Every structure is written in C-alpha cells, then in structure tokens.
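Listed here are the chains, written in short residue letters.
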Amino acid sequence: MQTIQDVMTRDVQSISPQETVQRAAQMMDELNVGSIPVLDGQKLVGMITDRDITVRSTAAGQAPSQTRVGDVMSTDVRTCAPNQTVDEVLGQMGDVQIRRVPVVDEQSHEVIGIVSLGDMAAKHSAGIDHTLEEISTPAEPDRSTVGSQTRH
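Residues numbered from 1 in each chain as written. Predicted model: local features only at pLDDT ≥ 70, side-chain atom pairs only at ≥ 80, totals over all residues. Heavy atoms only, no water.

A. Region of interest: the side chain of Thr-49. Considering the arrangement of structural elements, one finds Thr-49 in strand β2 (residues 43-49). Judged by its relative accessible area of 19%, Thr-49 falls in the buried class. Within the structure, Thr-49 has its side chain in polar contact with the backbone nitrogen of Asp-52 (distance 2.9 Å). Excluding its chain neighbours within four sequence positions, the residues that come into contact with Thr-49 are Met-28, Gly-34 and Ser-35. (Helix = DSSP H or I, 4+ residues; strand = E, 2+ residues; numbered from the N terminus. Buried < 20%, exposed > 50% of the residue type's maximum accessible area, 1.4 Å probe, protein only. Polar contact = N/O pair within 3.5 Å; in protein donor to acceptor, adjacent residues only side chain to side chain. Contact = heavy atoms within 4.5 Å.)

Have a look at this one:
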C-alpha cells in the first residue's frame, strides 16, 4: 500500500497569520498554488486559500494591504500523517470536499509536507475518480439574501 510520504510534496511554503492578504495572494501567484498553510511559529493554525481571499476579504470590501491572513484564513484544517495510506486520505478528502491536506509529523506536530489530489493523481491513480466526483459535487447557492434587498 502506498503511503502519503510516497506522494506528498515536501518543500512547503507557509505564511504567518500576521502577514497581509496581499502578500498571501502574491505568494500564491509566485508558487502557482491556491492555498498556503498558515503557521504561527512552527504550529499550524490555519490555511489561507484563494477562495478565502475572494469571499472573506475582497467581497467584504477589505483592503488587501491592510487585512491580515489571520482574519480571513480557514481554521478548521484537516491534516494527515505521513504513514497514512493514500486510499485512507483520499476517502477523507472526498468526505469533506477538499483538494489538499497538510501532512503533519506525528511526534513534532510540524508541517512536513502537503498532499493534493493532483499529487495523488500523478503518483497513485486508484480511487481518484471517486474522490474527484465527491469533491466536485455542486453545492447549492445561498440565495437567502437574493430578493430581500429593497430597491430605491
């Protein structure tokens, strides 16, 4: 059985919760990624995604050079261990509809890598179709505010 350490990306860039959203977006552009682990020292405290920036910051009218990563990051971060099987982690990713998971050392609790659906597709094809189908299930749009605004 293939384990996460066989397919994960090891050289992971991270960002501090005190950095700006603008810096996070610049890093995503430079690294060609859609999310970055947020570390306070060596401790994983969240993930900042391009969607976090768009929905929680830009849509709210916040200034990217003034808004801190810690104010908009996702804090409910799913992690995995390097010795978990690829199939086990694929199942977890499908269950919660995520495409990438930080890999955390079991002794030091430090982030030692990240594994994405793309990593698994490139190095372990079994189960990818089912997981991708689960992750890609369309969500229903929140239309609770549509039509409730009064026009003048």
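Continuing now.
B. Examining the pattern of salt bridges more closely. Within this structure, the stated rule accounts for two salt bridges. Of the charged contacts, one joins Arg-23 and Glu-30 as a salt bridge, the two residues approaching to 3.3 Å between their closest N and O atoms. Residue Arg-56 is joined to Asp-52 by a salt bridge in which the shortest nitrogen-to-oxygen separation is 3.3 Å. On the criterion of helical spacing, the pair formed by Arg-56 and Asp-52 is a turn pair, its members being four residues apart in helix α3 (residues 50-58). The exposure class of Arg-56 is partly exposed, given its relative accessible area of 39%. On the accessibility criterion, Asp-52 (5% relative accessible area) is buried. (Salt bridge = Lys/Arg side-chain N within 4 Å of Asp/Glu carboxyl O.)

C. Here's a closer look at helix α2 (residues 21-31). Taken together, the buried positions of α2 are occupied by Val-21, Ala-24, Met-27 and Met-28. Projected down its long axis, α2 shows its buried positions confined to an angular sector of 120 degrees, all on one face. In α2, the exposed residues that point more than 90 degrees away from the buried face are Asp-29 and Glu-30. Those residues of α2 that are buried lie in contact with β1 (35-40), β2, α3 and α4 (69-72). Taken from the residues just after α2, Asn-32 is the one with a positive phi, measuring 55 degrees. (Arc of directions from axis to C-beta.)

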